[in-house]
Amino acid sequence: MKERLNNSKDKVIGTIKDTTGQVFNNEELEFKGKLQTMRADLGNKLENLSENLEDKVENLADNLSDNVKNLGGKAENLKDGAYSRANDLIDRVKSNKKDRKH
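Read on for an overview of the structure. Note that the structure is a prediction, hence the values are computed from the model and not measured.

So, on to the overall build of the protein. A count of helical and extended segments in the protein gives 2 helices and 0 strands. On C-alpha atoms alone, the protein measures out to a radius of gyration of 35 Å, which is more than a quarter above the 13 Å that the 2.2 N^0.38 rule sets for 102 residues. Reported as C-alpha extents along the three principal axes, the dimensions of the protein are approximately 115 × 20 × 10 Å. Counted over contacts in the protein with a minimum sequence separation of 6, partners at least 24 positions apart contribute 44%. For the protein, the exposed area adds up to about 8,900 Å²; of that, 57% sits on carbon and sulfur atoms. Positive and negative side-chain charges in the protein, numbering 20 and 19 respectively, have mean positions lying 11 Å apart.

Structure, rendered in structure tokens:
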């Protein structure tokens, strides 16, 4: 936010210098004003880029976190299914042993 305020201030001052330079036919002041205005515009564009990048990184992190949670749930389901199948197999083996004894 502080950078945006500084950029706005620089843009206003740059515009004033540019206009003053034009009115008084002072090319150096006009040039400095244009330069200051361009620097302010570039600063605002960089702030926008930074904010957009920050938002995208945050969204990516949220999506990654959600995907990890989903994978954790799927892994838990697979583990439960494997335990269930293993217990079923053990029960069948025990049942076969009992049947052979009789």
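Quick look at unusual backbone geometry now. Residues other than glycine seldom take positive phi values, yet Asn-25 does so here, at roughly 55°. Since its relative accessible area comes to 67%, Asn-25 is described here as exposed.

All right, on to a negative patch on the surface then. A surface patch of negative charge is lined by Glu-54, Asp-55, Glu-58, Asp-62 and Asp-66. Topologically, Asp-62 is positioned in helix 2 (residues 27-101).

The subject of this paragraph is the side chain of Asn-7. You can see Asn-7 is positioned in helix 1 (residues 2-23). What makes Asn-7 buried here is its relative accessible area of 6%. At 3.5 Å, the side chain of Asn-7 and the backbone oxygen of Gly-43 are in polar contact. Of note is the side chain of Asn-7, whose polar atom sits 3.2 Å from the side chain of Asn-44. Excluding its chain neighbours within four sequence positions, the residues that come into contact with Asn-7 are Ala-40, Gly-43, Asn-44 and Glu-47.

Thresholds, definitions, all that
- Residues numbered from 1 in each chain as written.
- Predicted model: local features only at pLDDT ≥ 70, side-chain atom pairs only at ≥ 80, totals over all residues.
- Heavy atoms only, no water.
- Helix = DSSP H or I, 4+ residues; strand = E, 2+ residues; numbered from the N terminus.
- Rg over C-alpha atoms; globule rule 2.2 N^0.38 Å.
- Contact = heavy atoms within 4.5 Å.
- Areas by Shrake-Rupley, 256 points an atom, 1.4 Å probe, with all protein chains shown as cover.
- Lys, Arg positive; Asp, Glu negative; His and termini not counted.
- Charge placed at Lys NZ, Arg CZ, Asp CG, Glu CD.
- Buried < 20%, exposed > 50% of the residue type's maximum accessible area, 1.4 Å probe, protein only.
- Patch = residues over 30% accessible without salt bridge, like charges linked within 9 Å, V, L, I, M, F, W, Y side chains within 5 Å.
- Salt bridge = Lys/Arg side-chain N within 4 Å of Asp/Glu carboxyl O.
- Polar contact = N/O pair within 3.5 Å; in protein donor to acceptor, adjacent residues only side chain to side chain.

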